[in-house]
Structure formats: structure tokens, C-alpha cells
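# Observations on the model geometry
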Amino acid sequence: MLQMTHISKVFRTELVQTHALRDFSLNVAEGEFVAVTGPSGSGKTTFLNIAGLLETFDTGSYRLDGQDVSHLDDAARSRLRNEKIGFIFQGFNLLPDLSVFDNVDVPLRYRGMSGGERRRRIDKALEQVGLASRAKHLPSQLSGGQQQRVAIARALAGTPRILFADEPTGNLDSLMARQVLEMLEEINAAGTTIVMVTHDPELARRAHRNIHVMDGQVTDFTAFAAAQTERESLAA
Amino acid sequence: MKKFFLEAGPVLRALTRSRAGAVLIALQCAITLAILTNAIFIIQDRVRQMARPSGVDSENVFSMRVKPYKPGFNLANDIDRDMAAIRAMPGIVDAGVINSLPLSEGGSSGRIYQSPDIKPGDGQFTANYYTDDHSLGSLGLKLVEGRGFLPEEVKRGDRTADRGEASIILSQTLAKKMFPGGGPVAGKTLYTDDGTAQHVVGVVERLQAPWISFGELEQAMLLSQYRLEPAYLVYVIRSQPGQRNALMPQVEKKLQELDPDRIIRSPRTQSEIESDTYASYRAMAVILGTVIVLIVAVTSLGIIGLASFNVNVRRKQIGTRRALGAQKGDIIRYFLVESWLITTGGALVGVGLSFALSWWMVNTFDLPPLDWRYVPVGVLFLWVLGQIAVLAPARRAAELPPALATRSA
């Protein structure tokens, strides 16, 4: 589903160059639920931005759902984001002046769907996250957990091939976080690939596979942890 | 275009939820529309009035006043001598005497009636030009019926000389007012305020009164009589096309040579006279034009300011929209639709305000009522202005990267 090969990304200012990603390679299979962890500044968000086509990269190649997306122009990237990718952000990123219904409607409008089809999808997505009765509410009238569920509904309404979640429970209490995580697991069980960036090791453990990112490079966290355990037992 | 209007629903709903800035700009648009439509209408009205031909061959006619001061001067003799000399000059078409000139802001007026049995409120207002048998040629008036004055018809004398029976030539507008039934006018008799008969001998296509504020500007007549007093007489001379400016000083010099004991005053072209008379109209047009430019500039800045502010406070929202699949064009369209809705809101209020302002000016300044056609044109202008003004901030918004969605703030 997602194949990144030798990706590098350098942020340049007049004074400094920052290697956000260097020789970054990663494969994510269809239907996988992958957690990406790493300390602050390790390159997790840059990875998410590049993977989600929010940002371009300097070298390497990237195939998404079988398509080489390395050299697409802005319009083509926008279309792909709209049609194949769903996003869940840490801060929910709902549009504050739009109702729940209109928020979920935003990506569907950009896809140019008919009014009837949009309504059907919005109703279904809000039903799925248990917020059908709140369609006319504004985001400010909802709790944090409910807002994140609206964001999930917005991502789901477009039936994406892959869902990128950026610290999806970062702004939620533990109860809400659990609900959201369970929702993501259900979505994944239904066949949608999920790549989730998180600081939370508990959350990461619920994923099929953990990727650890350090200094802009990827480490298979599971393998890293196994090696660590082996070294510790040898030392003993 | 379909996408543009499809976007209007959610944008309008969003606007109603954070409306303070939008309402202020809409109000500004409403005031702009009201001032714009009325100011342009007044300017157009003034321009239209200035463009009305006076009937005189303005480009080739000039005039001057002559004031003898030698004791015992004989004005009748002086006029005959002067006119003969001027008419003999090469390049001169004709020359004559008259009490005042169209659009010169000074002259004589009265009422004229169809019957000597005068009743109050009857008759028509008219400007009276007391002149000689060279009036048609010296002013360049176009005769459409009858004839000019004959030399033997012209009467001149002391202060009662312009009050007797005479031949008259009417402007076409006055002729139509006096004889609405149509048919030949020459040969008919009209009557002045004191019941004196005036015999119509001709009609000229056009002859304006001396005053632009005169309600019946196009109603005027020539009378074949004049008073022999320097204060009441103007020499009016018409040159061949293109020779006016060269001949003016020559005529002045010639008159001075013929009799050095007099003052030649106010040599002026008819174009200058008309231009000076309309100076206040031009000034008003310039002032209103400046007001229009300023108010359009202020409104444009208001729209640009609001859009720029919105772009700045919505950076993350724009990033989110881009992340969700909005193309650059979608972001630009969002701001265009928002601006269109604001200007439309302003236009709706502005239409009422335009007519209210017009009504007030009609009642206060006696201006003509606003032509309704200016209002839709003004609304169209406001829409275009709103779209152009918002374009730069909208383009800036479209250039914001989608990665802003994942950044805090």
C-alpha cells in the first residue's frame, strides 16, 4: 500500500540545514495498522506529511496504492489526498464555523459528488461514529472526544484507502482515547490501512507493527526491542 | 460557475456565525453603492447638460463690448461704422449687435403669450435677445423656417426702443410650446407681457437662454430691436472656421483705430463664455469623481483588509482544507464566494439606500431623480470590485502549504 524508498527531506533556512528524514525506507502492506513512534524532532511528523502527500521530499521514491507519487504536481497530489487518504489530526482540525454535517461534507464537496450522494455518505459516517444526532451542532458545542469522532467521520466519509492519524488521542483523556482507539481498530478491521504517529507506547502496542523513527531514520521497533532483550539476557 | 454557487451555502452559513467584520464591510459596500450610483448619475447629468449645443457656432463666434467716453458720441453712427468695417475684414463671416449671448449668465427674459388677453399663469417663459438683421449670420444660427430680420424691420433708439412692436424669431422649442398643434409658425403673432404684438418671421433650430439654471433653457427668441446704450450692447462677430483666434485682436485693433476715444472690453470667444458658465458643473463633476475614487479605494481596502485578516487567522483551516483535498483553485474560490456574498449583502441594502439618497436629494437640492438603470450597473460594479479586491489575499491563501494542517498554530 505504501512503499517509501530512500526518502530524504532537508529543511533549509538561510543559516541552517535540518535533515528531517535521511535514507528513510518503509513498506506498509494493505490492511496493516502501523504505529510510528519516536521522540520529538525525530521526523515522525515529516514522515506523516510526506506519506500523506502534504509535503514533498528531496530524494528517493514513494509509491502509494501502487502509484508512483514522487513527481506529481500540486493538483494531482490534492486529488489523491482527497480520493485515497483520510486524515485524523491531534487537534481535530474541524472548521469552527461549520456544523458537524458541513465539516464532514468538506472533502466530499472537493470530490465533486452530487448532493444526494454526499448526504448519504455523511449520514452513514456520522452514524458509524455515533454522532448522527449532532449533525447540526458546531464543533465548539461538542466534547474533545466527540470532535475527534467527527474528524474520524470526515475521514471515513470519503472511504479512503489509507488513514493517517497524527497523535489521534493526544488531546483526549484516557476514556475518550480508548474509545477513539477502538474506533480505529474497527476501521482497520474493516480493511482500511492505518498509519498512526504517536508518542504513547500503550497506543503503539495495539498496532500490528511499530516503527521507531530516530534522527530521521526508520527502525523496525519490534526488531529493535528483540535485539535489546537479547543483549540484556547475554549480559546477564 | 456551478462550483461557485454550490460553495455559497456552506460559506454563507459560516459567515452568519462570525459576522462582525463581514457586516461592517457589507455596510461599507451599501454606502458605496448609494454614493456611487447617485454621484455617477449627477456627473452624467451634468456632462449631458454641458454637451447640449447652444445653437451658436461656438467655435467661430467671439464678442466684445464697446464703451465710448468722448462727450456727445453718437452710438448709432458708431455701430454702423464699426459693423461696416468689421464685415469688410477678410475672414469675417458676419457681425452684429445683441444685448447678451447664450450661456453668458446675463440677459433679459419675460413671458410670451398667444393672445393679448393675458391671464396670470398663461404663456411661456422665454429669453429675449434684442438684436439686428445680422443676428443669424453673426451667431451662426440655423434657420429651419421663415426668414431672418430685414434691415427695415430693425428698430433702435433710447431706453424704450426695445419695448415696442417688432419681428421675432423663435427657437424651435419655444415655437413648439407656443404652437403645439404644429404647422407653419412664420406669419403668426404673439404678445409680450404688456400686450405688445410681436410678429413671428422665422424659427431657428436651437437657441439657448443665457442662464444654465433657467428651467426653460431651450426657450428663447430674437427681437428685431435694441436699445442704444453701451451697457446693453455686445458686438458679436463670426469668423471663417479656424480664423477666430487670429481675427479677435485684429478686430479689437480695428475698432480702436476707428475711434480711440473708447474702451474695448471683454473680448471673449463663445467657447470661453460657455466653458466659464459650465465651470461649476465641471468642478462638481471633478469633486464627485474624486469622492467616487476615494470611496471605491476605501471599500477595496476594506475588502482586502478583511480577506487578509481572514487568511491570517484561518491559516490552519486553509491547511486543513488543502489536506482534505482542496486544490488551490478551491481555496481561491472560497474567498471569492465569501466576498461575493458580502458584497451582495451590501448591495441589497445599498439598492434601498441609493433610492433613499436620491429621494432626499430630489427634495433638498431639486436634482433629477436617480435613473434606476444606474443601480444594477452599480451592483455589478460592486461585485466586480469585490472579486478583484479579494483576489490577491485569496491567491496568498491558496499558496499556504497543506502541511500547515499538522502544525500547531
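Residues numbered from 1 in each chain as written. Chains lettered and ligands numbered in written order. Predicted model: local features only at pLDDT ≥ 70, side-chain atom pairs only at ≥ 80, totals over all residues. Heavy atoms only, no water.

## Considerations on the environment of B:Thr344
Residues and elements named next belong to chain B. What counts here: Numbering of helices and strands runs from the N terminus; a helix is a DSSP stretch of H or I covering at least four residues, while a strand is a stretch of E covering at least two. Pairs of N or O atoms within 3.5 Å make up the polar contacts considered here, provided that, within protein, one atom can donate a hydrogen while the other can accept it, and that residues adjacent in sequence are counted only when both atoms are side-chain atoms.
Position of Thr-344 among the secondary structure elements: in helix α11 (residues 328–365). Sequence separation between Thr-344 and Trp-383 is 39 residues; the distance between their C-alpha atoms is 7.2 Å. Side chain to side chain, Thr-344 and Trp-383 meet in a polar contact 2.8 Å long.

## Remarks on the sheet that holds strand β5 (residues 67–68) of chain A
One key point about sheets: their strands pair by backbone hydrogen bonds, in either a parallel or an antiparallel sense. Residues and elements named next belong to chain A. Heads up, the rule is: Pairing between strands is defined by DSSP: at least two bridges between the two strands are required. By the convention used here, residues are in contact when the closest approach between their heavy atoms is within 4.5 Å. An axis is simply a line fitted to the C-alpha atoms; with a helix, the fit covers only the stretch in contact. Between two such axes, the angle follows the N-to-C directions and lies from 0 to 180 degrees.
With antiparallel pairing, four strands are arranged side by side in an open sheet as β2-β1-β4-β5. Pairing within the sheet leaves two strands with one partner each, and these edge strands are β2 (17–28) and β5. Strand direction decides the pairing type here: strand β1 (residues 2–12) and strand β4 (residues 59–64), joined by five bridges, are antiparallel. Looking at the pairing, Ser-8 lines up with Thr-59 of β4. Packed onto the sheet, helix α1 (residues 44–51) meets β1, β2 and β4 and runs at close to 120 degrees relative to β1.

## Looking at the pattern of salt bridges
Any two side chains of opposite charge can pair, given that their charged atoms come close. Residues and elements named next belong to chain A. So the rule is basically this: The salt bridge criterion pairs a side-chain nitrogen of Lys or Arg with a carboxyl oxygen of Asp or Glu, the two atoms within 4 Å. Burial classes follow relative accessibility: with a 1.4 Å probe on protein chains only, a residue under 20% of its type's maximum area counts as buried, one over 50% as exposed, and anything between as partly exposed.
Considering all chains together, one arrives at 28 salt bridges over all chains under this definition. Here Glu-202 makes a salt bridge to Arg-205, at a shortest N to O gap of 2.8 Å. Taken as a pair, Glu-202 and Arg-205 lie in helix α7 (residues 201–205) at a separation of three residues, close to a single helical turn. The pair formed by Glu-202 and Arg-205 is uniform in burial state, with each residue classed as exposed.

## Some points on the packing of helix α3 (residues 100–110) of chain A against helix α5 (residues 144–157) of chain A
Residue and element names in this part refer to chain A. Defined as follows: These descriptions rest on fixed angle ranges, namely under 35 degrees for roughly parallel, over 145 for roughly antiparallel, 65 to 115 for roughly perpendicular, and the rest for oblique. Throughout, a crossing is termed right-handed when the near helix is turned clockwise from the far one, and left-handed when it is turned anticlockwise from it by less than a right angle. The nonpolar class holds Ala, Val, Leu, Ile, Met, Phe, Trp, Tyr, Cys and Pro. Asp, Glu, Lys and Arg form the charged class, and all remaining residues, Gly among them, are polar.
Orientation of α3 relative to α5, taken along the N-to-C sense of each, is 30 degrees, at an axis distance of 8 Å. Between α3 and α5, the interaxial angle falls into the category roughly parallel. As α3 packs across α5, the resulting crossing turns out to be right-handed. Counting all contacts with α3, which are made through Val-100, Asn-103, Val-104, Pro-107 and Leu-108, the residues of α5 involved are Val-150, Ala-153, Arg-154 and Ala-157. For the contact of α3 with α5, the class distribution of residues is seven nonpolar, one polar and one charged.

## Looking at α1(A)
Residues three or four positions apart in an α-helix share a direction because the helix packs 3.6 residues into each turn. Residue and element names in this part refer to chain A. Among the eight residues that make up α1, seven are buried, leaving the element largely enclosed by the rest of the structure. Within the span of α1, buried status applies to Lys-44, Thr-46, Phe-47, Leu-48, Asn-49, Ile-50 and Ala-51. Positive backbone phi, approximately 60 degrees, marks Leu-53, located one or two places after α1.

## Points about the domain arrangement of chain B
To keep it simple, the criterion reads: An automatic or database domain assignment supplies the residue ranges for each domain.
Considered domain by domain, chain B is made up of domain 1 (2–51 + 279–405) and domain 2 (74–260). Look at where the C-alpha atoms of domain 1 of chain B and domain 2 of chain B centre, and you get two points 54 Å apart.

## Here's the deal with the interface of chain A and chain B
Rules: By buried area we mean the combined loss of accessible area, with a 1.4 Å probe, across both parts when two parts are placed together.
Between chain A and chain B, the contact holds 27 residues from the first and 24 residues from the second. Together chain A and chain B conceal approximately 2,400 Å² of surface at their shared face, both sides included; 53% is due to carbon and sulfur atoms. For the chain A face of the interface with chain B, the top three residues by lost area are A:Asp97, A:Arg109 and A:Tyr110, together amounting to 27%. In this structure, the connection of chain A to chain B is made through two salt bridges. Measuring nitrogen to oxygen at the nearest pair gives 2.7 Å for the salt bridge that ties B:Arg13 to A:Asp102. Across the chain A-chain B interface, the total number found is 10 residue pairs in polar contact (both at pLDDT 80 or more).

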